[in-house]
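Notes for the structure review
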Amino acid sequence: MIKVENVKKAFGHTTVLDGVDLTIAPGEVVSILGSSGSGKSTLIRCINGLEKLNSGRIMVDEFDVGKPRELAEARKRSGTVFQLFNLYPHMTVLGNITLAPIEVLKKPRAEAEATARALLKSVGLGSRADAYPAQLSGGQRQRVGICRALAMQPRYLLLDEVTSALDPEMTAEVLAILAKLAQDGTTMLFVTHEVEFARQISDRIVFLDNGRLLVDLPTKEFFAAEGGMARPRVAQFLSKMR
Ligand code: ADP
Ligand code: MG
């Protein structure tokens, strides 16, 4: 579904992604681990077409993210949730979730609202449709962000540290939603510092180090071998996380 091929990305003279290869099949949940500055967010932004590649290629289904004409199709397939709650402050929760389905997918308002209400109910926010973002906790806002992504009926979700600005209780709320989505077979590429959670929900773990994808292993093998061949680096990382 997502195919990252030998991707290189630099900002000025700084190489941030140095020949990354990664394939994600439908239904897979893949977690990206790595220290701060290792290139995780840049990789997500490249997959979403927010950054131009220096070389290499990223395909989403049959669409090449690097080709302007194909980018829109590729983007339609993805739902992205970032660390910061980028909801529109002047719109209600319902307005935030229904905006793109109405404007981009051209859904009738009634249908978009019915879908949004069902999504809100599924994340325990059925009664907050008319609230404004400022009236919600961080965890609630992030759950609205997930609803907003899902309302576009994406083929997969890109999640970049969606819990790192939340306290432990709110983190647990959001992770519970993501665990449910994973169980339902949602394809997810998940950047996180929540190592134990990644272990519970992921089919595979990839480890980025200094722009290189050092490890790509099934979750069990990753934790059993602490990164296999890359063990010293991964063990060092994991010891800091625990
Ligand atoms: P991570 O998400 O793993 O913490 P990032 O992908 O955000 O890492 O950043 C990787 C490196 O790229 C960092 O050194 C960061 O400073 C640099 N970087 C990211 N975005 C930009 C940008 N727009 N301009 C210049 N440097 C950037
Ligand atoms: Mg980041």
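Preceding this paragraph is the structure being described.
Residues numbered from 1 in each chain as written. Chains lettered and ligands numbered in written order. Predicted model: local features only at pLDDT ≥ 70, side-chain atom pairs only at ≥ 80, totals over all residues.

Considerations on the overall build of the protein
- Tallying secondary structure elements over the protein gives nine helices and ten strands in all.
- The buried share among the 242 residues of the protein stands at 41%.
- Of all intrachain contacts in the protein linking residues separated by at least 6 positions in sequence, the fraction that spans at least 24 positions is 62%. (Helix = DSSP H or I, 4+ residues; strand = E, 2+ residues; numbered from the N terminus. Buried ≥ 20, exposed ≤ 12 C-beta atoms within 10 Å, placed from the backbone. Contact = placed C-beta atoms within 7 Å.)

Quick notes on unusual backbone geometry
- Even without a glycine there, the phi angle at Lys-106 is positive, about 60°.
- Relative to the helices and strands, Lys-106 resides in the loop between helix H3 (93-103) and helix H4 (109-122).
- With phi around 55°, Asn-210 is a residue other than glycine that occupies positive phi space.
- On the secondary structure map, Asn-210 appears in the loop between strand E9 (204-209) and strand E10 (212-218).

Details of the site of ligand 1
- If you check the shell around ligand 1, you find Phe-11, Val-16, Gly-34, Ser-36, Gly-37, Ser-38, Gly-39, Lys-40, Ser-41 and Thr-42 and nothing else.
- At three residues, the largest contribution of residues to the shell around ligand 1 is made by helix H1 (residues 40-47).
- Among the residues making up the shell around ligand 1, the classes are represented as two nonpolar, seven polar and one charged. (Near = placed C-beta within 6 Å. Nonpolar A, V, L, I, M, F, W, Y, C, P; charged D, E, K, R; others polar.)

Observations concerning the sheet that holds strand E2 (residues 14-24)
- Read across the sheet, four strands follow the order E2-E1-E4-E5 without closing on themselves; strand pairing throughout is antiparallel. Only two strands of the sheet have a single neighbouring strand rather than two, namely E2 and strand E5 (63-64).
- By the bridge criterion, five bridges tie strand E1 (residues 2-11) to strand E4 (residues 55-60) in an arrangement that is antiparallel. Among the inter-strand pairings, Lys-8 is bridged to a residue of E4, identified as Ser-55. (Pairing = 2+ DSSP bridges.)

Here we look at the packing of H3 against helix H5 (residues 138-150)
- Relative orientation of the contacting elements H3 and H5 amounts to 25°, with a least axis distance of 8 Å. Between H3 and H5, the interaxial angle falls into the category roughly parallel. The handedness of the crossing between H3 and H5 is right-handed. Contacts between H3 and H5 involve Val-93, Asn-96 and Ile-97 from the first element and Val-144, Cys-147 and Arg-148 from the second.
- Taken together, the residues of the contact of H3 with H5 break down into four nonpolar, one polar and one charged. (Axes fitted to C-alpha atoms, helices over the stretch in contact; angles between N-to-C directions. Parallel < 35°, antiparallel > 145°, perpendicular 65-115°, else oblique. Left-handed = near helix turned anticlockwise from the far one by under 90°.)

Comments concerning the environment of Leu-33
- Relative to the assigned elements, Leu-33 resides in strand E3 (residues 29-33).
- The exposure class assigned to Leu-33 is buried, which follows from the 26 C-beta atoms found within 10 Å.
- A C-alpha to C-alpha distance of 7.2 Å links Leu-33 and Ile-205, two positions 172 residues apart in sequence.
- Once you skip the residues sitting within four places of it in the chain, Leu-33 turns out to touch Val-195, Ala-198, Ile-205, Phe-207 and Phe-237.

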